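Take a look at the letters that make up each chain.
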Amino acid sequence: MLAFVGRPREILVRFVRTGVYDDAGLARRAWAGLGPEERSALLRIRAPEARRDSLAAHALARAMLARIAGCPPSQLRFHVAPGGRPEVTAPPPARRLRFNLSHADGIALCAVAAGVLVGADVESRRNVGPDPLGVAATICSLRERDALQASPPAQQAERFLAPWTMKEAIAKAAGHGLGVPLNNVRVDDGSPWQVAVLRLTPDHLAAVAVDSDGDDLAIRCEEERPAFPAPMRPWVPSRAAV
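Residues numbered from 1 in each chain as written. Predicted model: local features only at pLDDT ≥ 70, side-chain atom pairs only at ≥ 80, totals over all residues. Heavy atoms only, no water.

Counting its secondary structure elements, the chain contains six helices and nine strands. Here the chain holds 242 residues, and 48% of them are scored as buried. Relative to all contacts within the chain whose residues are 6 or more apart in sequence, the contacts with residues 24 or more apart total 63%. (Helix = DSSP H or I, 4+ residues; strand = E, 2+ residues; numbered from the N terminus. Buried < 20%, exposed > 50% of the residue type's maximum accessible area, 1.4 Å probe, protein only. Contact = heavy atoms within 4.5 Å.)

Below, the structure written as structure tokens:
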């Protein structure tokens, strides 16, 4: 069992390279630990790699929350709050925990906090595509777009990742879901949220946001390494397994 120590605004962040879930044994164990709603949501994802990444994110969240709360992962129960933010409803020791998960391009991430709202996002430079300025038009403010346009073209995709992940993390922490235009989300000193940016891989950047009450954030970021049996074998869930 893990415990939060020191300041109450300590955030535990873990990420996993989702390629390990191409292994049939590991994928089946992760699938078996999910609830019916999680399984149904996964089956609606048609792209195999995106489904694998989502499976990894949900398995990671259950593993982290169970270790902190001191309960089996199968005992965890969730509901989705208005705006799409997932929340723990059972067992009682886990209700104080707030969490958020994200996945992108082979990386899954989960952030857990005690008693404070938390949002998390991970994005990949490969997912920006060939037109960073075009993507930024729907996410960045005019000032942010001007700063991005002033950057060398070869650096624009990389520099776009920070505001993209920060805005997504803030929107998720606030429970806005898709209901607020990201170009209206502030990430400067006037924002009511504290945000930390984390480099996970050369291509992946993540951000974690919590509500700001004057206390500094203490981030513990670690890579999760699930054990899996050899040899690696692909596995695709069936609808009958929901």
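Right, let's get into the sheet that holds strand S9 (residues 218-223). What the four strands build is an open sheet, ordered S4-S5-S1-S9; its pairing is mixed. The outermost strands of the open sheet, each flanked by one partner alone, are strand S4 (97-104) and S9. Here the average twist between neighbouring strands, direction ignored, is 15°. The pairing of strand S1 (residues 10-17) with S9 spans six bridges and is parallel. Each bridged residue has a counterpart across the sheet, and for Val 13 the counterpart in S9 is Cys 221. (Pairing = 2+ DSSP bridges. Axes fitted to C-alpha atoms, helices over the stretch in contact; angles between N-to-C directions.)

This part covers helix H2 (residues 36-43). Of the residues making up H2, those classed as buried are Glu 38, Arg 39, Leu 42 and Leu 43. Buried positions in H2, seen along its axis, are confined to an arc of 135° and lie on one side of it. Residues Pro 36 and Glu 37 are exposed on H2 and point more than 90 degrees away from its buried face. The inward-facing, buried residues of H2 contact helix H1 (24-32), helix H3 (48-69) and strand S2 (77-80). (Arc of directions from axis to C-beta.)

Take unusual backbone geometry next. The linkage connecting Ala 90 with the following residue, Pro 91, adopts the cis geometry, with an omega of 0°. By secondary structure assignment, the location of Pro 91 is in the loop between strand S3 (86-90) and S4. A positive phi is found at Asp 105, a non-glycine position, where the angle reads about 50°.

Looking now at the sheet that holds strand S7 (residues 193-199). Spatial ordering of the open sheet is given by S6-S8-S7, a layout of three strands whose pairing is antiparallel. The outermost strands of the open sheet, each flanked by one partner alone, are strand S6 (118-124) and S7. When strand polarity is set aside, the average angle formed by the axes of neighbouring strands in this sheet is 15°. By the bridge criterion, seven bridges tie S6 to strand S8 (residues 204-211) in an arrangement that is antiparallel. Residue Asp 121 lies in a different strand from S8, and its bridge partner there is Ala 207. Running at roughly 150° to S6, helix H6 (residues 153-174) makes contact with S6, S7 and S8 of the sheet.

With that settled, consider the packing of helix H5 (residues 142-149) against H6. Viewed as axis vectors pointing N to C, H5 and H6 meet at an angle of 160°, and their least axial separation amounts to 9 Å. Here H6 runs roughly antiparallel to H5, going by the angle between their axes. Classified by chirality, the crossing of H6 by H5 is right-handed. Counted together, Glu 144, Leu 148 and Gln 149 of H5 and Gln 156, Arg 159, Phe 160 and Lys 167 of H6 form the full contact between these two elements. Of the residues contributing to the contact of H5 with H6, the split by class is two nonpolar, two polar and three charged. (Parallel < 35°, antiparallel > 145°, perpendicular 65-115°, else oblique. Left-handed = near helix turned anticlockwise from the far one by under 90°. Nonpolar A, V, L, I, M, F, W, Y, C, P; charged D, E, K, R; others polar.)

Residues of the chain with pLDDT of at least 70 account for 87%, and the chain-wide mean is 88. Long-range and interchain partners of residues 1-6, a stretch whose pLDDT sits below 50, account for 17 contacts in this model, where long-range means more than four residues apart. (pLDDT = per-residue confidence, 0-100.)

Below, the discussion takes up the side chain of Arg 62. For Arg 62, the location among the structural elements is in helix H3. Residue classification places Arg 62 among the buried residues on the basis of a relative accessible area of 5%. A distance of 3.4 Å separates a polar atom in the side chain of Arg 62 from the backbone oxygen of Leu 76. Each residue touching Arg 62, except ones within four places of it in the same chain, is listed here: Gly 33, Leu 34, Gly 35, Glu 38, Pro 73, Ser 74, Leu 76 and Phe 78. (Polar contact = N/O pair within 3.5 Å; in protein donor to acceptor, adjacent residues only side chain to side chain.)

The next point concerns the pairing of S4. Regular strands have side chains that alternate between both faces of the sheet. Within S4, six of the eight residues are buried, which leaves the element mostly enclosed by the surrounding structure. In the sheet, S4 pairs with strand S5 (residues 107-114) via eight bridges, with the strands oriented antiparallel. Considered in S5, the bridge of Arg 98 is made with Ala 113. Remark: two residues form the turn of the hairpin made by S4 and S5, two consecutive strands paired antiparallel; Asp 105 in that turn has positive phi of roughly 50°.

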